[in-house]
Amino acid sequence: METLDAYEKFRESAKLPRMWQGAPKLENMLTLTEPDEVWAELQVKVPTEGWLQFQSCQQYFTDGLPTPEPDWGCLLAAEAVTAQGHSLSLRQNTGQGWTLATHSHDEQGTGLCDEVRHRLHGVNGNLVYRRYWSDAGERGYIQHLTLLTAIEINADSEE
């Protein structure tokens, strides 16, 4: 890929992150309307790690889904990763309901991707995201999707 070769020539001197070829592949997308349906479908995907945002609780998990407490309320959003390396994203729709999308990584995809880390609140750790970039012609490469790929917890200390 010509663009990737050009990028690599000046990446280190410009202190830019490593990029590689790849694109997201949408494996499945579900539209859900009932709160109980949302939790049940997320359980079916068997995520190993990720984060959850309920009405009254927000938390990360690294050893499978936790058991929700009744006072947490309804699940609003989530991002997670499965043992097979699929990225899950749960978002509320602008109308009523939620969308649960499952993506995999296509190493032969025509776009570019890189990886970023965001500090995880409350512990010494990071949320690891893969950003996908696509060629927008004269506008250059633009980011079009970001997917959670891992949670890294450093065992040496808490914040």
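See the structure above.
Residues numbered from 1 in each chain as written. Predicted model: local features only at pLDDT ≥ 70, side-chain atom pairs only at ≥ 80, totals over all residues. Heavy atoms only, no water.

A few words on helix H2 (residues 35–44). One full turn of an α-helix is made of 3.6 residues, so residues set three or four places apart face in the same direction. Every buried residue of H2 is listed here: Val-38, Trp-39 and Leu-42. Taken end-on, H2 shows its buried residues confined to a sector of 90°, consistent with a single buried face. Residues of H2 that are exposed and point over 90 degrees away from its buried face: Asp-36 and Val-44. On the buried face of H2, the contacting elements are strand E2 (23–32), strand E3 (47–54), strand E5 (75–82), strand E6 (87–92) and strand E7 (98–106). At the exit of H2 stands Val-46, carrying a positive phi of roughly 50°. (Buried < 20%, exposed > 50% of the residue type's maximum accessible area, 1.4 Å probe, protein only. Helix = DSSP H or I, 4+ residues; strand = E, 2+ residues; numbered from the N terminus. Arc of directions from axis to C-beta. Contact = heavy atoms within 4.5 Å.)

As a further point, take the sheet that holds strand E4 (residues 58–61). Working definition: the strands of a sheet are paired by backbone hydrogen bonds and lie parallel or antiparallel to each other. Taking strand neighbours across the sheet as the criterion, the six strands line up as E2-E7-E6-E5-E3-E4 in an open arrangement whose pairing is antiparallel. Bordering the open sheet on either side are E2 and E4, each of which pairs with just one other strand. Each adjacent strand pair in this sheet contributes to an overall mean axis angle of 15°, direction not counted. With four bridges connecting them, E5 and E6 associate as antiparallel partners. Considered in E6, the bridge of Ala-78 is made with Leu-90. (Pairing = 2+ DSSP bridges. Axes fitted to C-alpha atoms, helices over the stretch in contact; angles between N-to-C directions.)

With the rule as written, the count across this model stands at six salt bridges. The salt bridge partner of Arg-11 is Glu-12, with a shortest N-O separation of 3.6 Å. Here Arg-11 falls in the buried class, since its relative accessible area comes to 14%. Classification of Glu-12 as exposed rests on a relative accessible area of 63%. A salt bridge links Asp-114 to Arg-131, with the nearest nitrogen and oxygen atoms 2.6 Å apart. One end of the pair, Asp-114, is in strand E8 (residues 112–119); the other, Arg-131, is in strand E9 (residues 125–135), and 17 residues separate them in sequence. Because the salt bridges share partners, they merge into one network encompassing Glu-8, Arg-11 and Glu-12. (Salt bridge = Lys/Arg side-chain N within 4 Å of Asp/Glu carboxyl O.)

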